[in-house]
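The chain contents come next:
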Amino acid sequence: MTDSLFWTIEPGKPATTQVPQFADATEACAWLTSVHAELRAALHRHGALYVRGLPVHDVDDFAAVRDVLVPQRTPYREKATPRSSYGNDVYSSTDLPPNQPIRMHNENSYTLTFPGLLLFGCLTAPEEGGATPVADCREVLRRLPADLVERMRTAGWLLTRNYSEHISLDWRTAFATDQRADVEKYCADNLVSCAWDDDGALRTRQLRPGIIHHPETGEDVWFNHMAFWNSWSLDEEIREALQDEFGADGLPFETGLGDGKPLTRADVDAINAAYEGATLRRTWEPGDILLVDNVLATHGRDPFRGDRRIVVAMGEPVALADCRPTVAPAAREEQPA
């Protein structure tokens, strides 16, 4: 069966196709194999694709679909959010409180190798909310102020992380080791500066390009976590409480542009507004899958009520060096006061 795919394009919603009815996941996977080239072509056009009606009932079904659509797997590096593993490289999307939204981001945009493809699957749809919104990074780039784009293009963005057992992830979880030497080697190999304080806490800094080119289409895209982890994106009460507790230099995450000039609230608001203007979302139904080109599209999570079981797999690793970055990645040491 090689029927051509028909994509429904509705305002505010990602490109969606309703698949034929299949007896089981094995039959569905055979069909997905037959339309694989057509799916990839559509993915390059739209950045993210919703596929509705597959017989994906459990983790094994999802893993079988993953092996067709995303056969080459990618590990989760420099972990930043908690996830549950279901085995076979299938994970929960993110284990954060349901009332907390997750802002738009490109997965692992701060690493030197990142997943080119993400696959989400709905095993249990939430009672209310809980969509996985997506935004085309080409459209986000078009919506941003020209001066901010030029600063990013020429200077890149800087990420500072403070690893703590009390908030966010500790370094043992983030780097999947309890040996400092392993962390130091990883950082040296991956252009990340690292420093330990007297209490054994870790601080890292890294400069990364925020605008890259898609390795296949060659298109410019806005690709980073800059607004996602900037303190101006936090609710005012939370930001002030964290700064009072940890100090302005001790936040779990902070970002800025590589030119050293601080980001203003207006800068971060403009980035978040560009994401919002480009955002598409669709309500999850059991069996739905969402295929995302991680370079062409960001993703996030809406708050929700009720049980929600969205699983995710990552694959098709992409090297930053193959994306013609506008700024060379580098470790960025602390500047002396």
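Refer to the preceding data block for the structure.
Residues numbered from 1 in each chain as written. Predicted model: local features only at pLDDT ≥ 70, side-chain atom pairs only at ≥ 80, totals over all residues. Heavy atoms only, no water.

Asks: Is there a simple way to explain the pairing of strand 11 (residues 202–208) in this structure?
Replies: On a regular strand, each side chain points to the face opposite its neighbour's, so the side chains alternate between the two faces of the sheet. Most of strand 11 is tucked away, with seven of its seven residues classed as buried. Burial of the side chains of strand 11 extends over both faces: Leu 202, Thr 204, Gln 206 and Arg 208 are buried on one face and Arg 203, Arg 205 and Leu 207 on the other. Here strand 9 (residues 157–163) runs beside strand 11; their pairing, made up of seven bridges, is antiparallel. The partner of Tyr 163 across the bridge, within strand 11, is Leu 202. Note: strand 10 (residues 193–196) against strand 11, four bridges, orientation antiparallel. Paired with Cys 194 across the two strands is Thr 204, which belongs to strand 11. (Buried < 20%, exposed > 50% of the residue type's maximum accessible area, 1.4 Å probe, protein only. Helix = DSSP H or I, 4+ residues; strand = E, 2+ residues; numbered from the N terminus. Pairing = 2+ DSSP bridges.)

Asks: When you look at the sheet that holds strand 4 (residues 90–92) in this model, what are you seeing that I'm missing?
Replies: Two pairing modes exist for strands in a sheet, parallel and antiparallel, and in both the strands are linked by backbone hydrogen bonds. Strand order in the open sheet made by the seven strands is 1-2-16-6-19-4-3, with mixed pairing throughout. If you trace the sheet from one side to the other, it starts and ends with strand 1 (15–18) and strand 3 (85–87), each paired once. Here the strands of the sheet are splayed against their neighbours by 25° on average, with no regard to which way each runs. Pairing analysis gives two bridges linking strand 3 to strand 4, with the strands arranged antiparallel. Each bridged residue has a counterpart across the sheet, and for Ser 85 the counterpart in strand 4 is Tyr 91. Across the sheet, helix 2 (residues 36–46) is in contact with strand 1, strand 2 (48–52), strand 6 (113–124), strand 16 (289–293) and strand 19 (309–319); its angle to strand 2 comes to roughly 130°. (Axes fitted to C-alpha atoms, helices over the stretch in contact; angles between N-to-C directions. Contact = heavy atoms within 4.5 Å.)

Asks: So what exactly am I meant to see when it comes to the pattern of salt bridges here?
Replies: Where charged atoms from two side chains of opposite charge come close, those side chains can pair. Applying the stated rule across the entire model yields 20 salt bridges. With a shortest N-O distance of 2.6 Å, Arg 52 and Asp 288 are connected by a salt bridge. With Arg 52 in strand 2 and Asp 288 in the loop between strand 15 (279–280) and strand 16, this pair connects stretches of sequence that are 236 residues apart. There is no split in this pair, since Arg 52 and Asp 288 are both buried. Taking the shortest distance from any N to any O, the salt bridge between Arg 138 and Asp 136 comes out at 2.8 Å. By relative accessible area, Arg 138 is classed as buried at 9%. (Salt bridge = Lys/Arg side-chain N within 4 Å of Asp/Glu carboxyl O.)

Asks: Help me understand the nonpolar core in this model?
Replies: Membership of the largest hydrophobic core comes to 39 residues, with the highest contact counts inside it found for Phe 120, Val 140, Trp 222, Met 226, Ile 271, Leu 290 and Val 292. With five residues, helix 9 (residues 265–278) is the single largest residue contributor to this core. When residues no more than four places from it in sequence are discounted, the contact partners of Val 292 are Leu 43, Gly 47, Ala 48, Gly 116, Leu 117, Leu 118, Phe 120, Val 134 and Ala 297. Trp 31, Ala 42, Leu 69 and Leu 123 belong to the second-largest nonpolar core, a separate cluster that totals 32 residues. (Core = buried A, V, L, I, M, F, W, Y, C linked by side-chain atoms within 4.5 Å.)

Asks: I'm lost on the packing of aromatic side chains in this one. Help?
Replies: Aromatic rings considered in pairs are described by the distance between their centres and by the relative angle of their planes. Inspection of the entire model under this criterion finds nine aromatic pairs. Considering the side-chain rings of Trp 171 and Trp 196, the 5.0 Å spacing of their centres and the 80° angle between planes classify their relative orientation as edge-to-face. A residue pair is termed long-range when its members are at least 10 positions apart, and Trp 171 in helix 6 (residues 171–175) and Trp 196 in strand 10 qualify at 25 residues. For Trp 171, a relative accessible area of 5% translates into the label buried. Ring centres of Trp 229 and Phe 253 lie 4.3 Å apart, and the angle between their planes is 0°; on these two criteria the pair is classed as stacked. Separated by 24 residues along the polypeptide, Trp 229 in the loop between strand 13 (220–222) and helix 8 (236–246) and Phe 253 in strand 14 (residues 253–257) bring together distant segments of the chain. For Trp 229, a relative accessible area of 8% corresponds to the buried category. Here Phe 253 falls in the buried class, since its relative accessible area comes to 14%. Among the aromatic residues, those joined into a ring-pair cluster are Tyr 110, Phe 228, Trp 229 and Phe 253. For Arg 308, the ring lying beneath its charged end belongs to Phe 304, and the centroid distance is 5.4 Å. When the ring centre of Tyr 86 is taken as origin, the NZ or CZ atom of Arg 309, which lies over that ring, is 4.8 Å away. (Phe/Tyr/Trp six-rings, centres within 6.5 Å; stacked < 30°, edge-to-face > 60°. Lys NZ or Arg CZ within 6 Å of the ring centre and 35° of its normal.)

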